[in-house]
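So the chains spell out like this:
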Amino acid sequence: MAAQTVASTTDSAAGTSVDLGPAAALSCRECGHRVPLGSVFACEECFGPLEIAYDFSAYDTEELRKRIEAGPANIWRYAPLLPVPADVATKPNINPGWTKLVQADNLARELGVDAGKLFVKDDSGNPTHSFKDRVVAQAIEAARAFGFTTLSCSSTGNLAGAVGAAAARAGFRSCVFIPHDLEQGKVVMAAVYGGDLVGIEGNYDDVNRFCSELIGDPAGEGWGFVNVNLRPYYAEGSKTLAYEICEQLGWRLPDQIVVPIASGSQLTKIDKGLQELIKLGLVEDKPYRIFGAQAEGCSPVSTAYKAGHDVVRPQKPNTIAKSLAIGNPADGPYVLDIARRTGGAVEDVTDEQVVDAIKLLARTEGIFAETAGGVTVGVTRKLVESGALDPSLTTVVLNTGDGLKTLDAVAGTGMTATIRPSLDSFREAGLA
Ligand SMILES: [Zn+2]
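Residues numbered from 1 in each chain as written. Predicted model: local features only at pLDDT ≥ 70, side-chain atom pairs only at ≥ 80, totals over all residues. Heavy atoms only, no water.

A. View of the coordination of the zinc ion. Around the zinc ion, the protein supplies Cys28 (SG), Cys31 (SG), Cys43 (SG) and Cys46 (SG) as donor atoms, at distances of 2.2 to 2.4 Å. Around the zinc ion sit 4 donor atoms; with metal-centred angles ranging over 98 to 118°, the donor geometry is tetrahedral. Donor residues for the zinc ion, ordered by position in the chain, follow C-x2-C-x11-C-x2-C. Taken together, the residues span a long stretch of sequence, with Cys28 in strand β3 (residues 23-28) and Cys46 in the loop between β4 (34-35) and β5 (50-54) at a distance of 18 residues. Owing to a relative accessible area of 3%, Cys28 belongs among the buried residues under this scheme. Given a relative accessible area of 34%, Cys46 falls into the partly exposed group. (Donors = N, O, S within 2.8 Å, 3.2 Å for Na, K, Ca; no water. Tetrahedral: all angles 85-135°; square planar, octahedral: opposite > 155°, others 65-115°. Helix = DSSP H or I, 4+ residues; strand = E, 2+ residues; numbered from the N terminus. Buried < 20%, exposed > 50% of the residue type's maximum accessible area, 1.4 Å probe, protein only.)

In structure tokens form, the structure reads like this:
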């Protein structure tokens, strides 16, 4: 897949620069080669992934903190740290973020974590009920800057809905691609916004391959694929999870954080976000540990972690946690690096443990998580039991989506009893 430049920082006809705030250039994560901001995603020197390089040199720590705290209750409070124009909050966007950080004392008690130490970052509260709104909101601003008219993506479901909604709000056409056998709820949630939704006969990796072909074809010209040619911008949205967690903890780093792994991008960007806050002086420089969570039926990264490998061998996914079912995760090796560097780990749980964890979180904290949330809570339980996670330290567990999206996973859950509309019947059922 060849890197193609569709736009760059300088529009040669108009001579104007693309304004994406503090974003200074794209930089290769492998070799450091820098290119101007544009809709490219792979290094022309080594094909490594490109990511945003920033110029934060002008910021004074205390002024920046005040500016953030005075900002809107969404991700744009962190606009000074994101690849977006300074006036981003005035543009039509679905404005995700600033979701609840729930102190989960009931869950802590069940898991054997010290009181006041366990938190759930509940991203089901975003506009389309998953964390994907964060990354899509970023991609929308890059698409605007580069003059795209159609937004597209390959998706395991949540992203399709997020792109549909964001495109509708921001006035883009959308055409998104999903595996044809997704949960009905996710299909409806993606289709309702009125864009084109195309089911591909195959799994997510097949969908991804198809999109790579389309992007190099005249049929895909003028299209912004949020997780392909806009990926460097899109991926930065996950940093906002790190920023919010720290600000909501009173500008403190969590000691431990449990993150689900699909492509692995979210975990790497959370680490990037924490590192930025440390460098900017917004939080104290102290160690933190990042743990990755997978479902056993799609566990290429945890398998590599446990085997001590640096290379992630692709797997064919077979799990109810479909939003995490990426068999060939692009950022897998980087996840391994981060888990090992920070003293974390990568663990996996069975589908049965995922369902148990969904129910556990629901009955202890009143949070109905989608299967990915069952994965992180289930893995947290396993990590506490194995001693890998320290129960005396501040721990944040991510829930990245709403349980209403994956009702099938808990389909066996139902009524306690069915009774006649009489008090006698109620007493007979043993409920009085
Ligand atoms: Zn490179």
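B. Expanded view of the sheet that holds strand β12 (residues 256-260). The strand order across the open sheet formed by 6 strands is β6-β7-β15-β12-β13-β14, and the pairing between neighbours is mixed. The open sheet has two edge strands, β6 (100-103) and β14 (346-349), and neither has a second partner. Averaged over all neighbouring strand pairs, the angle between strand axes comes to 25°, with direction disregarded. As paired strands, β6 and strand β7 (residues 118-122) are joined by 4 bridges and run antiparallel to one another. Residue pairing in the sheet places Val102 in a bridge with Val120 of β7. Where helix α8 (residues 239-248) meets the sheet, it contacts β6, β7, β12 and β15 (395-399), and its direction lies at approximately 135° from that of β7. Across the face of the sheet, helix α12 (residues 351-365) comes into contact with β6, β7, β13 (289-295) and β14 while running at roughly 95° to β14. (Pairing = 2+ DSSP bridges. Axes fitted to C-alpha atoms, helices over the stretch in contact; angles between N-to-C directions. Contact = heavy atoms within 4.5 Å.)

C. Main features of the domain arrangement of the protein chain. Domain assignment breaks the protein chain into domain 1 (8-85), domain 2 (100-129 + 237-410) and domain 3 (132-234). Listed by partner, the interface residues are 24 residues for domain 2 and 20 residues for domain 3. Taking both sides of the interface into account, the surface hidden between domain 2 and domain 3 amounts to around 1,800 Å²; carbon and sulfur atoms contribute 45%. Three residues, Thr128, Lys322 and Lys405, lead the burial of domain 2 against domain 3; their summed loss comes to 35% of the area buried on that side. On inspection of domain 2 and its partner domain 3, the count reaches 2 salt bridges. In this structure, Glu244 engages Arg134 in a salt bridge whose closest nitrogen and oxygen atoms are separated by 2.8 Å. Connecting domain 2 to domain 3 are 9 residue pairs in polar contact (both at pLDDT 80 or more). A per-element tally of the side of domain 2 that touches domain 3 places α8 first, with 3 residues. Its residues placed into classes, the side of domain 2 that touches domain 3 shows 6 nonpolar, 12 polar and 6 charged. (Domains from an automatic or database assignment. Buried area = accessible area lost by both parts, 1.4 Å probe. Salt bridge = Lys/Arg side-chain N within 4 Å of Asp/Glu carboxyl O. Polar contact = N/O pair within 3.5 Å; in protein donor to acceptor, adjacent residues only side chain to side chain. Nonpolar A, V, L, I, M, F, W, Y, C, P; charged D, E, K, R; others polar.)

D. Fine view of the sheet that holds strand β10 (residues 196-200). With respect to topology, 4 strands assemble into an open sheet ordered β10-β9-β8-β11, the strand pairing being parallel. Each edge of the open sheet is held by one strand with a lone partner, namely β10 and β11 (223-225). This sheet shows a mean twist of 20° between the axes of neighbouring strands, independent of strand direction. In terms of strand pairing, strand β8 (residues 150-154) meets strand β9 (residues 173-179) through 5 bridges, oriented parallel. When the sheet's bridge partners are listed, Ser152 is paired in β9 with Cys175. Across the sheet, helix α6 (residues 204-215) is in contact with β8, β9, β10 and β11; its angle to β9 comes to roughly 140°.

E. The state of the cysteines, seen in detail. On inspection of all chains with the given rule, the structure shows 0 disulfides. In this model Cys211 remains outside any disulfide bridge; the closest cysteine sulfur is found in Cys153, 7.3 Å from its own. Given a relative accessible area of 0%, Cys211 falls into the buried group. (Disulfide = S-S within 2.5 Å.)

F. Layout of the side chain of Ser323. Looking at where Ser323 falls in the secondary structure, it is placed in the loop between α10 (300-307) and α11 (332-342). Given a relative accessible area of 10%, Ser323 falls into the buried group. Among the polar contacts listed, one links the side chain of Ser323 to the side chain of Glu370, at a separation of 2.5 Å. In this view, Ser323 contacts Thr156, Asn158, Lys186, Ala262, Glu370 and Ala372; residues no more than four positions away in its chain are not counted.

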